[in-house]
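# Coordinates in review
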Amino acid sequence: SLDGVPMTVLHDDSYHGMLFLFQDVSDIRRLERMRSEFVANVSHELKTPVAAVQGFAETLLSGGVNDEDTARSFLKIIYDEGDRLNRLIGDILDLSKIESRRIQLDYAPVHVLTLFQSVSKVLEGSAEQKRIEIRLQVPEELFVEADEDRLRQIFINLVGNGISYTPEGGRVTIKVEEFLHGEYDEDRVRFSIADNGLGIPKKDLPRIFERFYRVDKARSRSSGGTGLGLSIVKHLVELHRGTISVESEFGIGSTFIVELPVLQENP
Ligand code: ADP
């Protein structure tokens with residue numbers, strides 16, 4: 001009780017201590033709410049493919065499908081939904097590992113051009129299917145200090161999204177530039193991943209890094225997306241002491257910009 005405490009206590013450290021305590025409690029409530037929302041989202045996302053697997057398997061088991069083509073198409077759906085479950089579970093585990101800081105970044109010099117050649121190689125198949133050109137504008141001799149596997153994961157996600165959300169015949173341009181200090185207080189590398197695809201409506205832009213947030217659920221699903229890619233990417237960029245931002249115009253295209261310090265120290 002504050003009864004009998006002189007007013008001067010308001011300028012005392014103990015008063016500030018109390019304020020911080022209240023702040024902490026509301027933070028805990030907010031985190032708790034976010035956590036239970038996430039669990040609800042996860043359950044919903046997992047139930048959809050499980051229901052599809054069960055439904056199609058049940059129909060096949062009941063002997064209701066006589067022609068082979070229909071049976072095969074049902075099996076294909078079951079296989080694809082299993083695949084989707086796998087990706088979802090992988091992303092959920094990855095996100096939870098990253099958010100609880102249970103990952104250790106393994107810093108080493110990464111040759112940027114080689115990195116993007118391998119990113120392009122991984123995505124070559126899906127780009128070719130849609131006749132999308134991946135254009136590299138990367139300096140020959142540039143290195144960054146980073147966790148190479150995590151850096152590859154970041155850019156496979158961003159370039160992969162560029163391919164997913166761009167119509168046939170489009171283009172994804174990867175541009176890398178170095179900024180020496182003077183402009184920034186430390187040397188930085190800027191990676192821009194630009195597509196001339198669907199673009200993102202202005203009202204959705206502030207939310208696309210949230211877990212499970214998708215502009216168009218059906219399109220994300222059909223492109224194999226889990227809705228977790230960008231939130232994983234944002235965490236990984238920030239673990240590297242970098243920043244990520246997006247510029248987009250609906251119907252024109254999107255550019256994701258990642259900036260990383262050139263020199264990193266192992267935290
Ligand atoms: P998803 O698995 O759905 O692709 P992400 O977290 O990677 O999930 O992206 C979230 C949402 O942001 C996507 O569903 C899509 O609506 C939007 N988005 C991401 N990248 C792009 C892009 N290059 N062009 C247009 N929309 C994009």
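What comes next concerns the included structure. Here the structure is a predicted model, which means the values were calculated and not measured. (Residues numbered from 1 in each chain as written. Predicted model: local features only at pLDDT ≥ 70, side-chain atom pairs only at ≥ 80, totals over all residues. Heavy atoms only, no water.)

Okay, the site of the ligand next. What surrounds the ligand is a group of 19 residues, the closest being Y165, D195, S220, G227 and L230. Here a nitrogen atom of the ligand and a side-chain polar atom of D195 are 2.8 Å apart. One nitrogen or oxygen atom from the main chain of G229 is found 3.3 Å from an oxygen atom belonging to the ligand. Computed on the free molecule, the ligand has an accessible area of 530 Å², of which 96% lies beneath the protein chains in the complex. (Near = heavy atom within 4 Å. Polar contact = N/O pair within 3.5 Å; in protein donor to acceptor, adjacent residues only side chain to side chain. Areas by Shrake-Rupley, 256 points an atom, 1.4 Å probe, with all protein chains shown as cover.)

Attention now moves to the layout of surface pockets. Of the voids in this model, the largest pocket is the one considered here, and its volume is about 1,000 Å³. Around the largest pocket sit 41 residues that line it, and N161, Y165, S220, S223 and G225 are the ones nearest its centre. Within the residue set of the lining of the largest pocket, elements represented by two or more residues are helix 2 (68-99), helix 4 (148-164), helix 5 (217-222), helix 6 (229-239) and strand 7 (253-261). Class assignment of the residues belonging to the lining of the largest pocket gives a composition of 13 nonpolar, 16 polar and twelve charged. The space that makes up the second largest pocket amounts to roughly 650 Å³. Among the elements of the structure, helix 1 (13-61), helix 2 and helix 6 are those that each provide at least two residues to the lining of the second largest pocket. The leading source of residues in the lining of the second largest pocket is helix 1, at seven residues. Among the residues making up the lining of the second largest pocket, the classes are represented as nine nonpolar, five polar and eight charged. (1 Å grid on protein atoms, 1.4 Å probe; cavity = no way out; pocket = protein on both sides within 12 Å on 5 of 7 lines; lining within 4 Å. Points joined across faces, edges and corners; volume = space filled by probe spheres on them. Helix = DSSP H or I, 4+ residues; strand = E, 2+ residues; numbered from the N terminus. Nonpolar A, V, L, I, M, F, W, Y, C, P; charged D, E, K, R; others polar.)

Right, let's get into the pairing of strand 4 (residues 171-179). When a strand is regular, its side chains alternate between the sheet's two faces. Here five bridges tie strand 2 (residues 133-137) to strand 4, and the two strands are oriented parallel to one another. Looking at the pairing, Q137 lines up with K175 of strand 4. One ladder, built from eight bridges, connects strand 4 with strand 5 (residues 188-195); its direction is antiparallel. Residue pairing in the sheet places E178 in a bridge with V189 of strand 5. (Pairing = 2+ DSSP bridges.)

What follows deals with the environment of V172. Counting through the fold element by element, V172 comes out in strand 4. The exposure class assigned to V172 is buried, which follows from its relative accessible area of 0%. Excluding residues that lie within four positions of it along the chain, V172 makes contacts with I132, E133, I134, R135, V159, G162, I163, I193, A194 and D195. (Buried < 20%, exposed > 50% of the residue type's maximum accessible area, 1.4 Å probe, protein only. Contact = heavy atoms within 4.5 Å.)

What follows deals with the sheet that holds strand 5. Pairing in this open sheet of five strands is mixed, and the strands run 2-4-5-7-6 from one edge to the other. Of all the strands in the sheet, the pair left with one neighbour each is strand 2 and strand 6 (243-249). Across the sheet, the axes of successive neighbouring strands diverge by a mean angle of 15°, strand direction being ignored. Across the sheet, helix 3 (residues 112-129) is in contact with strand 2, strand 4 and strand 5; its angle to strand 2 comes to roughly 175°. (Axes fitted to C-alpha atoms, helices over the stretch in contact; angles between N-to-C directions.)

In the contact formed by helix 4 and helix 6, the axes pass within 10 Å of each other and the chain directions differ by 140°. You can see that helix 4 and helix 6 cross each other, and the crossing is left-handed. The residues of helix 6 that touch helix 4, namely those facing R150, Q153, I154, N157, L158 and N161, are G229, L230, I232, V233, L236 and V237. Residues belonging to the contact of helix 4 with helix 6 are distributed by class as follows: seven nonpolar, four polar and one charged. (Left-handed = near helix turned anticlockwise from the far one by under 90°.)

Counting 52 residues, the largest nonpolar core has F116, L151, F155, L158, V176 and F191 as the members making the most contacts within it. The element best represented in this core is helix 3, accounting for seven residues. Contacts of L151, omitting those with residues within four sequence positions, involve V110, L115, V144, A146 and L260. (Core = buried A, V, L, I, M, F, W, Y, C linked by side-chain atoms within 4.5 Å.)

Contact geometry for helix 3 and helix 4: axes closest at 9 Å, N-to-C directions at 35°. For the crossing formed where helix 3 meets helix 4, the hand is right-handed. Contacts from L115, F116, S118, V119, V122, L123, S126 and A127 in helix 3 reach E148, L151, R152, F155, I156, V159, G160 and I163 in helix 4. Here the residues of the contact of helix 3 with helix 4 sort into eleven nonpolar, three polar and two charged.

Before going further, it helps to examine unusual backbone geometry. A positive phi angle, close to 60°, is found at R101, a residue other than glycine. As for its position among the elements, R101 is in the loop between helix 2 and strand 1 (107-111). A relative accessible area of 62% means that R101 is categorised as exposed. With phi around 60°, R241 is a residue other than glycine that occupies positive phi space.

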